[in-house]
Amino acid sequence: MNETRHHVTLTVNGVVREATVPGRRLLSDCLRHDLGLTGTHVGCEHGVCGACTVLLDGEPVRSCLTLAVTVDGHEITTVEGLARDGELSPVQRAFTECHALQCGFCTPGFLCTVTAFLRDNPAPTEEEALEAVAGNLCRCTGYQNILKAVHRAAELQAEEDR
């Protein structure tokens, strides 16, 4: 039995990309396998860990729970699209400066989550920062450095906005 395939057009990291996918293809699989963007990681495949988080029209979504056909015509930003003109984003720089990553598996999801969070809340409290990253799991760190990185990223973004 042949499964119906669907043509999808996505703007991924500012570039229009096209793929022909089965109706049940997850966005995470479309990004990784059909488009060759392997920065989006797949951990639990149940939307719990947050490793697969990407930005859909600027909002964080779990790509392992999102069907590729449902985002046809939309804009997707993956971890590969956070840097600008060859320069790491403030969030990426902060994660590096604050040693907020170890094995790196969860990092793409954290970076996308924090990018959207700081866009909406550029000067978060400790509690707000903790709540923002609570949906992303990391097995390597105790989250202290991740929270430091959220605040450092806010500082870096404020410096850039001056």
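Quick summary incoming for the structure in this document. Everything quoted here is computed from the prediction, not taken from an experiment. (Residues numbered from 1 in each chain as written. Predicted model: local features only at pLDDT ≥ 70, side-chain atom pairs only at ≥ 80, totals over all residues. Heavy atoms only, no water.)

## Re unusual backbone geometry
A positive phi angle, near 55°, is found at Asn 13, a position not held by glycine. Positionally, Asn 13 belongs in the loop between strand 1 (5-12) and strand 2 (15-22). Its identity as a non-glycine residue notwithstanding, Asp 85 has a phi of 50°, on the positive side. Mapped onto the secondary structure, Asp 85 falls in the loop between strand 5 (75-77) and helix 2 (90-97). The exposed category is assigned to Asp 85, whose relative accessible area is 80%. (Helix = DSSP H or I, 4+ residues; strand = E, 2+ residues; numbered from the N terminus. Buried < 20%, exposed > 50% of the residue type's maximum accessible area, 1.4 Å probe, protein only.)

## Topic: the pairing of strand 1
Relative to strand 2, strand 1 is paired through eight bridges, and the arrangement is antiparallel. For Val 12, the partnering residue across the bridge sits in strand 2 and is Val 15. Hairpin connection between strand 1 and strand 2: a loop of two residues separates the two successive antiparallel strands, and Asn 13 in this loop has a positive phi of roughly 55°. (Pairing = 2+ DSSP bridges.)

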